[in-house]
Amino acid sequence: MTTGGWLMALRELDVRGEICPYPMMKTVQALKKLPAAEEGLQVITDHAPALETIPTQAVRLGFTTRIEETQASEWRIVITRAR
Amino acid sequence: MKEVTMTTQLDSNEAQSPLRTLACSLGYTEKVEIRRQVWMGLIAVAAALTILLAASRFDQDMALFWAFGLAFGFVLQRSRFCFASAFRDIFLLGHGRNLKGVLAGLAVASVGFAVLMSRQVPNPGLGILPPDANVLPLGLHTVLGGLLFGTGMVVAGGCVSGNIYRMGEGYVASWVSLTGIMFGLLGAGFTWNWWWQFQIASTPRLWLPAYLGHAGALAATLAGLLVVYLGVLWWESRAGLVLPDPPFAAEAGETFAAKLNNTLRRVFVHGWSAPAGGALLGGLNVLLFTAAHPWGFTGEISRWAIGISNWLGFGPGPLLGAEGLPGCALEIGGSGLFNHMLFLVWGMVFGSFIGALFAGEFKIRLPRQKKRYVQSLTGGLAMGYGAGIAMGCTIGAFFSAIPSLALNGWVFAVCLAAGAWVGTQIIQRIA
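Residues numbered from 1 in each chain as written. Chains lettered and ligands numbered in written order. Predicted model: local features only at pLDDT ≥ 70, side-chain atom pairs only at ≥ 80, totals over all residues. Heavy atoms only, no water.

A. Geometry of the overall build of chain B. Along the backbone of chain B there are 16 helices and zero strands. Its C-alpha atoms give chain B a radius of gyration of 22 Å, near enough to 22 Å, the size a compact globule of 431 residues would have. Considering chain B as a whole, with its 431 residues, one finds that 55% of them fall into the buried category. The long-range share in chain B, meaning contacts at least 24 apart out of those at least 6 apart in sequence, stands at 83%. Counting every atom, chain B has about 17700 Å² of accessible surface; 68% of that belongs to carbon and sulfur. Across chain B, 26 positive and 18 negative side-chain charges occur, with their mean positions spaced 8 Å apart. (Helix = DSSP H or I, 4+ residues; strand = E, 2+ residues; numbered from the N terminus. Rg over C-alpha atoms; globule rule 2.2 N^0.38 Å. Buried < 20%, exposed > 50% of the residue type's maximum accessible area, 1.4 Å probe, protein only. Contact = heavy atoms within 4.5 Å. Areas by Shrake-Rupley, 256 points an atom, 1.4 Å probe, with all protein chains shown as cover. Lys, Arg positive; Asp, Glu negative; His and termini not counted. Charge placed at Lys NZ, Arg CZ, Asp CG, Glu CD.)

B. Expanded view of the packing of helix 2 (residues 34–58) of chain B against helix 3 (residues 60–78) of chain B. All names here are of chain B. With their axes 6 Å apart at the nearest point, helix 2 and helix 3 run at an angle of 155° to one another. Classified by the angle their axes make, helix 2 and helix 3 are roughly antiparallel. Contact with helix 2, carried on its side by Ala48, Ile51, Leu52, Ala55, Ser56 and Phe58, involves Gln60, Met62, Ala63, Trp66, Ala67 and Leu70 of helix 3 and no other residues of that element. When grouped by side-chain class, the residues that make up the contact of helix 2 with helix 3 number 10 nonpolar, two polar and no charged. (Axes fitted to C-alpha atoms, helices over the stretch in contact; angles between N-to-C directions. Parallel < 35°, antiparallel > 145°, perpendicular 65-115°, else oblique. Nonpolar A, V, L, I, M, F, W, Y, C, P; charged D, E, K, R; others polar.)

C. Representation of the pattern of salt bridges in the model. Taken as a whole and assessed by the stated rule, the structure comprises 18 salt bridges over all chains. A:Glu18 is paired through a salt bridge with B:Arg372; the nearest N and O atoms lie 2.7 Å apart. With A:Glu18 in the loop between strand 1 (11–14) and helix 1 (22–33) and B:Arg372 in helix 14 (residues 370–390), the pair connects residues from two separate chains. Here the residues in one salt-bridge network are A:Asp14, A:Arg16, A:Asp46, A:Glu74, B:Lys363 and B:Arg368, joined through shared partners. (Salt bridge = Lys/Arg side-chain N within 4 Å of Asp/Glu carboxyl O.)

D. Geometry of the packing of helix 3 of chain B against helix 11 (residues 274–291) of chain B. Residue and element names in this part refer to chain B. Two numbers describe how helix 3 lies on helix 11: the axes approach to 10 Å, and their chain directions differ by 170°. The pairing of helix 3 with helix 11 is recorded here as roughly antiparallel in orientation. The handedness of the crossing between helix 3 and helix 11 comes out as left-handed. Contact residues: Leu64, Phe65, Phe68, Ala71, Phe72, Val75 and Leu76 in helix 3; Gly277, Leu280, Leu281, Leu284, Asn285, Leu287, Leu288 and Ala291 in helix 11. Class assignment for the residues of the contact of helix 3 with helix 11 results in 13 nonpolar, two polar and no charged. (Left-handed = near helix turned anticlockwise from the far one by under 90°.)

E. Highlighting the interface of chain B and chain A. With 45 residues of chain B at the interface, the matching set in chain A holds 34 residues. For the pairing of chain B and chain A, the buried interface totals around 3500 Å² over both sides, and the portion due to carbon and sulfur atoms is 55%. Of all residues in chain B, B:Tyr28, B:Leu93 and B:Arg368 give up the largest surface area on contact with chain A, accounting jointly for 17% of the area buried on that side. Linking chain B with chain A are six salt bridges, by the criterion used here. For the salt bridge of A:Glu52 with B:Arg97, the shortest nitrogen-to-oxygen distance reads 3.1 Å. (Buried area = accessible area lost by both parts, 1.4 Å probe.)

F. Here's a closer look at the side chain of A:Glu74. Within the secondary structure layout, A:Glu74 lies in strand 4 (residues 74–81). Accessibility expressed as a relative area gives 6% for A:Glu74, which makes it buried. Within the structure, A:Glu74 has its side chain in polar contact with the side chain of B:Lys363 (distance 3.3 Å). Other than its neighbours up to four places away in sequence, A:Glu74 contacts A:Arg16, A:Ile44, A:Thr45, A:Asp46, A:Glu68, A:Glu69 and B:Lys363. (Polar contact = N/O pair within 3.5 Å; in protein donor to acceptor, adjacent residues only side chain to side chain.)

No statement about biological role is implied by the geometric values presented.
If you want it as structure tokens, here you go:
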């Protein structure tokens, strides 16, 4: 999958190294505080269970998500506002 | 609450409902780096087999328990099976993905255990208990142990089995948690004799078949699990959105190579569903009971902590009555470091390590905030003390106790849930 140029503008949230369930909790916190002008957030995580919990919570908050495996045991979750 | 309908159409480009968007986003391309994953995994398997062969020359039980450990660890890793999240996510997220897996495992193990125990004790009404089943004294120690354990596992981000398999995945915080668990068990050792006199010696061991017969006790247990399952479904329906398992993106084609590739990726790379993992763990538990005794290991971990401190001269000394109890009652050690249970615990770490290597999920993970280490340690301490007085963790006092058709398993479970609620309140305040 390619990352479009507009994605670079998304703020990055790096939760690598975090223990369960903080990758999800910190993402939810950041999404709730996201300024209206910003389209979304990219979360960098190395916690596999978060690949299920973060998309669920993001959808509940009105976002859509897309997961990319960036390297072994690291993922980027691109979260954008649902139109 | 938003209402969503379940759909499995992943490729549809129609107007997007929230769940369809979710399902799409969950299915990402899982990369497989052949050299890093397959070869490293095979090397680890070769190492595990070498240890198996070496152990079998020394002691058949050590080899057997090493093999069981590998299998338990592999299944835990592949299904990301987590008792802490099973209880916690009910409160934190309003969903029961892992709890449903736990229920599946309990149902499988209950049937298997019931058959085994009916052979061991044909007349359950006579007051004889199956010697190895986890029918434990039920008292205040069960309640406090469950509350402490439930709180600790949420604060530490995983229970004992969860931390053991994450140790194999490279989570450094889980090694810290295990240290905390050992010290917690040691603390339980120092207070064991008080607990023995206050509660454990005088409280009853309530085995359901003694009152309901084998079939009645099994039926009551399965009915109880069904009620909990329905409760989970109702709870999830209130939360509005149920978490689907990530879809598996199969390679197209009917060739043998394509089919083999899909099978291998499904087993070794793609995460398993929680009910699949739970059912397999339940089945393995039945096999282990058939071979020796139900699954459990906090007694063994206590043996390291108490044995070493006794050997160094500052340990708790003799423990009243602990030797006569089944399950994971504290052990003082004394027969040397190596025994078959040591192989079970480290086999679980190694089995998870193998699973993580094949899946490309092994990575040394270091929390950046110092408070996470404090959390892992204190959560571990609470779990260790709780498991010490309750004579088991989420495995010994719960996952092996409810299938033992023992009432203590249900009481411990309720207290685990209450403790997990407390833990959920704590972790949200120390983000």
